[in-house]
Amino acid sequence: MNREKVQIFDTTLRDGEQVPGCKLDTNQKLVIANRLDQMGVDIIEAGFPVSSPGDFLSVSEISKIVKNAIVCGLTRAVKNDIDVAAQALKYAKRPRIHTGIGTSESHIVHKLNTTREDIIARAKFAVSHAKSYIEDVEFYAEDAGRTDNEFLARVCEEVIKSGATVLNIPDTTGYCLPEEYGAKIKYLKENVKGIENVILSCHCHNDLGMATANSIAGAINGARQIECTINGIGERAGNTALEEVVMIFKQHPYLNLDTNINTRQLNEMSRLVSESMGMMVQPNKAIVGANAFAHSSGIHQDGVIKNRATYEIMDPLEVGVNESSIVLTARSGRAALAYRAKKVGYELTKVQLDAVYLEFLRFADIKKEILDTDIHQIIEACKMNKELLLN
């Protein structure tokens, strides 16, 4: 069965850059945008052009260098925002304007102080005006996660009539449960006239730790674009992590969903973004964290040494990591010690291993992690104590 493509919309340079202290200059953005393009990202959201001269410049310069991906600029449902975005995108081979407005009662009443009918009118105007510049127009219904489905469907129907090509259904506050978000996408697929002519997109935040789960639920229910960031960076608790989405589809082929991402570039891409933004990746981060393919428990180490698949569902090479790590700690067993000792040149018999293991435990109770240099010291200590006879 042919696998359907889910487009990857990367917003590292827009939503990701909203993290306090993670501002990038134009040259850094150009490097990242070029690498995203090479990695196979379908859409690069390059920035919010009207927000500052620097952002305008970045969107414009990115538009000049990107060869394959669509280059997207964000706007509010404001005429000047759209005018400025169109100007910034004029060099793009494949430009897209991303415009929208809040649709939840919270946004309509407390943020915008208006009515539902006015929201629909402003949404239609924004899409129509953007369409006068660029054929590809994406509409976002901000806080769609907390918008009642019937009104959301009305908004979607009207912006489709106005020329929208993509409908972004954001869980802006990260509030939805996966079954709720998936059901919302399903409702729109079944109740919006003209929905077959547009792409539904997921844009999920991670306030409750469910951004990736919600995005996958959306795709299972018919969304064919996922908006995400490298390392899951983004406002507050972050966005859907690109690397997680891509590898979930790869590891679950029965979903019949796939992306154009070259996954072997994921680890390197993660490091580039982390270093450029000065934003450390947590060691236990899925896919790209330093410990994602590291094993320190003796039981796990023994299993992985015998057969990697016992405790790893992915080959580390698939995401650009050379090999799994067997980390020696006080929780490690004899199998892991023998494995690491062999790596540094010691082929230990069972009797020798028993002697070395006792010395290893003394070291390991003092140090958090035993390094290769420590293994040499442990072996030498055993020799000096005549506990080990080695040539």
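Residues numbered from 1 in each chain as written. Predicted model: local features only at pLDDT ≥ 70, side-chain atom pairs only at ≥ 80, totals over all residues. Heavy atoms only, no water.

Examining the overall build of the chain
Point 1. For the chain, the helix and strand inventory stands at 14 helices and 12 strands.
Point 2. Across its three principal directions, the C-alpha atoms of the chain cover 85 × 40 × 40 Å.
Point 3. Counting over 391 residues, the chain shows a buried share of 55%.
Point 4. Within the chain, residue pairs in contact and separated by at least 24 positions form 72% of the contacts whose partners lie at least 6 positions apart.
Point 5. Of the roughly 17,700 Å² of accessible surface on the chain, a fraction of 52% belongs to carbon and sulfur atoms. (Helix = DSSP H or I, 4+ residues; strand = E, 2+ residues; numbered from the N terminus. Buried < 20%, exposed > 50% of the residue type's maximum accessible area, 1.4 Å probe, protein only. Contact = heavy atoms within 4.5 Å. Areas by Shrake-Rupley, 256 points an atom, 1.4 Å probe, with all protein chains shown as cover.)

Quick word on the UniProt feature "domain: Pyruvate carboxyltransferase" (unreviewed entry) in the chain
Point 1. As recorded in UniProt, the sites labelled "domain: Pyruvate carboxyltransferase" (unreviewed entry) are residues 6–267.
Point 2. Secondary structure content for residues 6–267 is 42% helix and 18% strand, while the C-alpha to C-alpha distance between its ends is 21 Å. (UniProt positions renumbered as here; feature names shortened; annotations may be inferred.)

What to know about the sheet that holds strand 9 (residues 225–228)
Point 1. One closed barrel holds the eight strands; their spatial order is 2-3-4-5-6-7-8-9, and the pairing between them is parallel. Between one strand axis and the next, the sheet turns through 25 degrees on average, direction left out of account.
Point 2. Note that strand 3 (residues 43–47) and strand 4 (residues 70–74) share four bridges and pair parallel. Residue pairing in the sheet places Ile44 in a bridge with Val71 of strand 4.
Point 3. Strand contacts of helix 7 (residues 178–191): strand 7 (166–171) and strand 8 (199–204), with the helix running at about 160 degrees to strand 8, the strand carrying the most contacts. (Pairing = 2+ DSSP bridges. Axes fitted to C-alpha atoms, helices over the stretch in contact; angles between N-to-C directions.)

Considerations on the side chain of Asp55
Point 1. Within the secondary structure layout, Asp55 lies in helix 2 (residues 53–65).
Point 2. A relative accessible area of 7% means that Asp55 is categorised as buried.
Point 3. A distance of 2.7 Å separates the side chain of Asp55 from the backbone nitrogen of Phe48, its partner in a polar contact.
Point 4. For Asp55, the residues in contact, after removing those within four places along its chain, are Glu17, Lys29, Gly47, Phe48 and Pro49. (Polar contact = N/O pair within 3.5 Å; in protein donor to acceptor, adjacent residues only side chain to side chain.)

Observations regarding the pairing of strand 7
Look at any regular strand and the pattern is simple: side chains alternate between the two faces of the sheet.
Point 1. The element strand 7 is extensively covered by neighbouring structure, given that six of its six residues are classed as buried.
Point 2. Across the two faces of strand 7 the burial is the same, with Val166, Asn168 and Pro170 and Leu167, Ile169 and Asp171 all buried.
Point 3. The pairing of strand 6 (residues 137–142) with strand 7 spans three bridges and is parallel. Opposite Tyr140, over in strand 7, you have Asn168 as the bridge partner.
Point 4. Taking the sense of rotation as the criterion, the β-α-β connection linking strand 6, helix 6 (residues 149–161) and strand 7 turns out right-handed.
Point 5. In this structure, strand 7 lies alongside strand 8, joined through six bridges in parallel fashion. Each residue of the ladder has a partner; that of Asp171, found in strand 8, is Cys204.
Point 6. Handedness of the β-α-β unit built from strand 7, helix 7 and strand 8 comes out right-handed. (Right-handed = clockwise from strand over helix to strand, strands pointing away.)

Structural notes on the domain arrangement of the chain
Point 1. For the chain, the domain assignment lists domain 1 (4–277) and domain 2 (294–382).
Point 2. On a C-alpha basis, the centroid separation for the pair domain 1 and domain 2 is 44 Å.
Point 3. A combined buried area of about 620 Å² lies between domain 1 and domain 2, and 52% of that area is made up of carbon and sulfur atoms.
Point 4. Among the residues of domain 1 in contact with domain 2, Gln251, Arg264 and Asn267 are the three that bury the most area, contributing 65% of the side total. (Domains from an automatic or database assignment. Buried area = accessible area lost by both parts, 1.4 Å probe.)

So, the pattern of salt bridges
A side chain of one charge can pair with a side chain of the opposite charge if their charged atoms are brought near each other.
Point 1. All chains considered together, the criterion is met by 36 salt bridges.
Point 2. Arg224 is the salt-bridge partner of Glu4, the closest N and O atoms lying 3.0 Å from each other. Highlighted residues: Glu4 in strand 1 (residues 4–5) and Arg224 in the loop between helix 8 (211–220) and strand 9, separated in sequence by 220 residues.
Point 3. Residue Asp55 pairs with Lys29 through a salt bridge whose shortest N-O separation is 2.8 Å. Remark: Lys29 occurs in helix 1 (residues 26–39) and Asp55 occurs in helix 2; sequence separation between them is 26 residues. For the pair Asp55 and Lys29, one class covers both residues: buried. (Salt bridge = Lys/Arg side-chain N within 4 Å of Asp/Glu carboxyl O.)

What about the packing of helix 7 against helix 8?
Point 1. Closest axis-to-axis distance for the helix 7/helix 8 pair is 8 Å, and the angle between their directions is 30 degrees. The handedness of the crossing between helix 7 and helix 8 comes out as right-handed. Contacts between helix 7 and helix 8 involve Pro178, Tyr181, Gly182 and Ile185 on the former and, on the latter, Ala213, Asn214, Ala217 and Gly218.
Point 2. Per-class residue counts for the contact of helix 7 with helix 8 are five nonpolar, three polar and no charged. (Left-handed = near helix turned anticlockwise from the far one by under 90°. Nonpolar A, V, L, I, M, F, W, Y, C, P; charged D, E, K, R; others polar.)

Examining the packing of helix 5 (residues 116–131) against helix 6
Point 1. Orientation of helix 5 relative to helix 6, taken along the N-to-C sense of each, is 30 degrees, at an axis distance of 9 Å. As the angle between them shows, helix 5 and helix 6 are arranged roughly parallel. The handedness of the crossing between helix 5 and helix 6 is right-handed. Where helix 5 approaches helix 6, its residues Arg116, Glu117, Ile119, Ile120, Ala123, Lys124 and Val127 are matched on the opposing element by Phe151, Arg154, Val155, Glu158 and Val159.
Point 2. Residues belonging to the contact of helix 5 with helix 6 are distributed by class as follows: seven nonpolar, no polar and five charged. (Parallel < 35°, antiparallel > 145°, perpendicular 65-115°, else oblique.)

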